[in-house]
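# Residue-level structure breakdown
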Amino acid sequence: MKKKALKKIATASYNNGELDESFVNEVTSHLTRKELKDYIRALKLLEKKKRIYIDTSFSPSAMQEEMLREQFAGKDVVFQIDPDLLLGLRITDNDIVYDMNLKRTLDALEEYIERQYD
Amino acid sequence: MIKSEEIIKNLEKRLHTFSADPKTQNVGTVETNNDGVLRVSGLSQAMMGEMVQLAGGGADGVVLNLAEDTVSVILLDPGTEIREGDGVKTTGRLLSINASDQLLGRIINPLGKPLDGKTKAKQGKDMPLERIAAGVVEREPVNTPLKTGIKAIDAMIPIGRGQRELIIGDRGLGKTAVAVDAIINQKHVQKVEKRVVCVYVAIGQKQSTVAQIIGKLEEENAMDYTIVVAANASDPASLQYLAPYAGVAIAEYFLEKGEDVLIVYDDLTKHAWAYRQLSLVLGRPAGREAYPGDIFYLHSRLLERAVKLNEKNGGGSITALPIIETQANDISAYIPTNVISITDGQIFLESDLFNAGIRPAINVGISVSRVGTAAQTGTMKSVAGKMKLELAQFRELAAFAQFGSELDPETQRQLERGRRITEIFKQPQYKPMTEPDEVIDILAVTSGFADDIPVENIQQFIAELRDHVHRKDKKFTDKLSSNEKVNDEVRREFEKIVTAFKRGFKI
């Protein structure tokens, strides 16, 4: 079975935004090992696209959390605390990362200086 | 001793362009690594040809394939440990090389990293490796000679600044030697004319060979105006693929300043092999001889960047000398025919001539320069024209010489003249000649002054004649440097000089 077909099956495995376990079990019983690997990869990609990770250096208040969830309506927002960020936050939306924190600024500064002095 | 204030001031100056704006990064994950080509999931915003970096400040790579869910990245640094699941991020930059005047005399790799053990050249201008060539309106016809110092080329197959002239032949016939002589000759040229910056691009060669070439250039003081870009045989195919583009990007830095540049690509056959290797690993469809479908475009877009700009755009030029290695003199193979159709002429080196002792082994009969006499000075044009005709007549009659039958005096004369012209085209390696010296040699033979000298003594004759002219009559040499046509008065003067010389000449 081609990858495109498996991607369509993966998309069809969702019911109201959640994975349909019985559908998944039914599908996997008909797949070869390689097809199963591609199917799992497609499901993981869809899960990644559904979810947004917001890493903060501090514990956000309920109001702040609500504000951020409104920005990403329709997606599953997961909050994580990462003290390494020093200040600010990092939003990871699948393969796009919005780095709005002090650590990123300092890292960018370091990279810039290294390029200048290299 | 640098004061603290100076350090801080320096830092502030360097940081004034730093942007602290929040950065949007596009990231991905390594899925597979096949022979230096990574398949990366994510990177949905990556551009074709964009540089990417492995997470943790690791190796750099370039995006070369864009698929629906993945991108293929070629690694530029082979020595990095890469595992499945490693992060990759885009940099927002296309592949570029930092070029400055400080690169003169340096040996670097296609990424700008020094290979000569010295520190990296200070920040200059970032020149993109891929760039659209100058348009028709910005160019002007080639009208200035690029003197190689090789008699056969300067007289019969003249190259102009801004031309692309292919050097083609089997292995070991002296293709690199011709290019290196052209570079060394610029040392003489810059004393009397606008200097020519030289860029030598070594693609897929043995490091020992490259070291030998660099050693010779240093010995001849040619490294002062030369930059060597090397991607050796042990370097990844990605670096060998990028090397010529890095070379021409550096050449364009000098071009933009209005300078003339000579760039040698040694050799494009290995460049094609490296690109074939990359394309096959990237999964691109294989065409003729397993080369990818865009193999022609690989070289055409490279060679189109050789240009002669008009005065309005700076008046600079890039002259390209691509080298192609053939197998068994087969110039009808795929890559040779591709590059022949792109360039403005070709210099054929033949093994038969090489084995017969004619070195450089240039077959002037089938070698061509499509720019022609527009790339010759008035002096050379006035002496070379007659010689071309005599050589053509000699080639036609050469077959008869084998029969040993009695030939009429005129035929005999033409054969003898042709033999002497062939003899003066022989030239030692690494000994390029100035134009006055070349003209002296050609005039001596085409005016008939060498007709009574045995062929095997011609080299001695012309060497001593040149020496005599330099010692006894420097004004005559200056006349030959004036770019003026050799008129009857100059010929009469030359006759007097040769007559006086021949009185004392002993074989």
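Since this is a predicted model, take the numbers as computed values, not measurements. (Residues numbered from 1 in each chain as written. Chains lettered and ligands numbered in written order. Predicted model: local features only at pLDDT ≥ 70, side-chain atom pairs only at ≥ 80, totals over all residues. Heavy atoms only, no water.)

## A look at the overall build of chain B
The secondary structure content of chain B amounts to 15 helices and 16 strands. In terms of overall dimensions, chain B has a C-alpha envelope of 85 × 60 × 45 Å along the principal axes. Taken across its 507 residues, chain B has 54% of its residues classed as buried. Expressed as a percentage of contacts within chain B between residues at least 6 apart in sequence, the contacts between residues at least 24 apart total 73%. Counting only carbon and sulfur atoms, one obtains 51% of the accessible surface of chain B, whose full area is about 22,700 Å². (Helix = DSSP H or I, 4+ residues; strand = E, 2+ residues; numbered from the N terminus. Buried < 20%, exposed > 50% of the residue type's maximum accessible area, 1.4 Å probe, protein only. Contact = heavy atoms within 4.5 Å. Areas by Shrake-Rupley, 256 points an atom, 1.4 Å probe, with all protein chains shown as cover.)

## Some remarks on the overall build of chain A
The number of helices and strands found in chain A is 5 helices and 6 strands. Starting at the N terminus and ending at the C terminus, chain A contains elements arranged as α-β-β-α-α-β-α-β-β-β-α. Scaling as 2.2 N^0.38, a compact globule of 118 residues should have a C-alpha radius of gyration of about 13 Å, whereas chain A reaches 19 Å, well beyond that. Taking the principal axes of the C-alpha coordinates as reference, chain A spans close to 55 × 45 × 20 Å. Residues counted as buried form 31% of the 118 residues belonging to chain A. Accessible surface, chain A as shown: approximately 7,800 Å² in total, 56% of it carbon and sulfur. Of the charged side chains in chain A, 20 are positive and 22 negative; the average position of the first set lies 10 Å away from that of the second. (Rg over C-alpha atoms; globule rule 2.2 N^0.38 Å. Lys, Arg positive; Asp, Glu negative; His and termini not counted. Charge placed at Lys NZ, Arg CZ, Asp CG, Glu CD.)

## Some thoughts on the sheet that holds strand S14 (residues 317-325) of chain B
All names here are of chain B. The 8 strands are arranged S8-S12-S11-S13-S14-S10-S15-S16 in an open sheet whose pairing can be described as mixed. Of all strands in the sheet, those with a lone pairing partner are strand S8 (107-108) and strand S16 (368-369), marking the two edges. Both strand S10 (residues 166-169) and strand S15 (residues 345-349) contribute to a ladder of 4 bridges, which runs parallel. Among the inter-strand pairings, Ile168 is bridged to a residue of S15, identified as Phe348. (Pairing = 2+ DSSP bridges.)

## Focus: the domain arrangement of chain A
All names here are of chain A. Taken as a whole, chain A is organised into domain 1 (3-49) and domain 2 (50-117). For domain 1 versus domain 2, the distance between C-alpha centres works out to 30 Å. Facing 8 residues of domain 1, the contacting portion of domain 2 comprises 5 residues. In total, domain 1 and domain 2 occlude about 570 Å² of area from one another, counting both sides; carbon and sulfur atoms represent 31% of this. Contact with domain 2 buries surface across domain 1, with Glu47, Lys48 and Lys49 losing the most and accounting together for 79% of the total. The interface formed by domain 1 and domain 2 includes 2 salt bridges. If you look at where domain 1 meets domain 2, you find 7 residue pairs in polar contact (both at pLDDT 80 or more). (Domains from an automatic or database assignment. Buried area = accessible area lost by both parts, 1.4 Å probe. Salt bridge = Lys/Arg side-chain N within 4 Å of Asp/Glu carboxyl O. Polar contact = N/O pair within 3.5 Å; in protein donor to acceptor, adjacent residues only side chain to side chain.)

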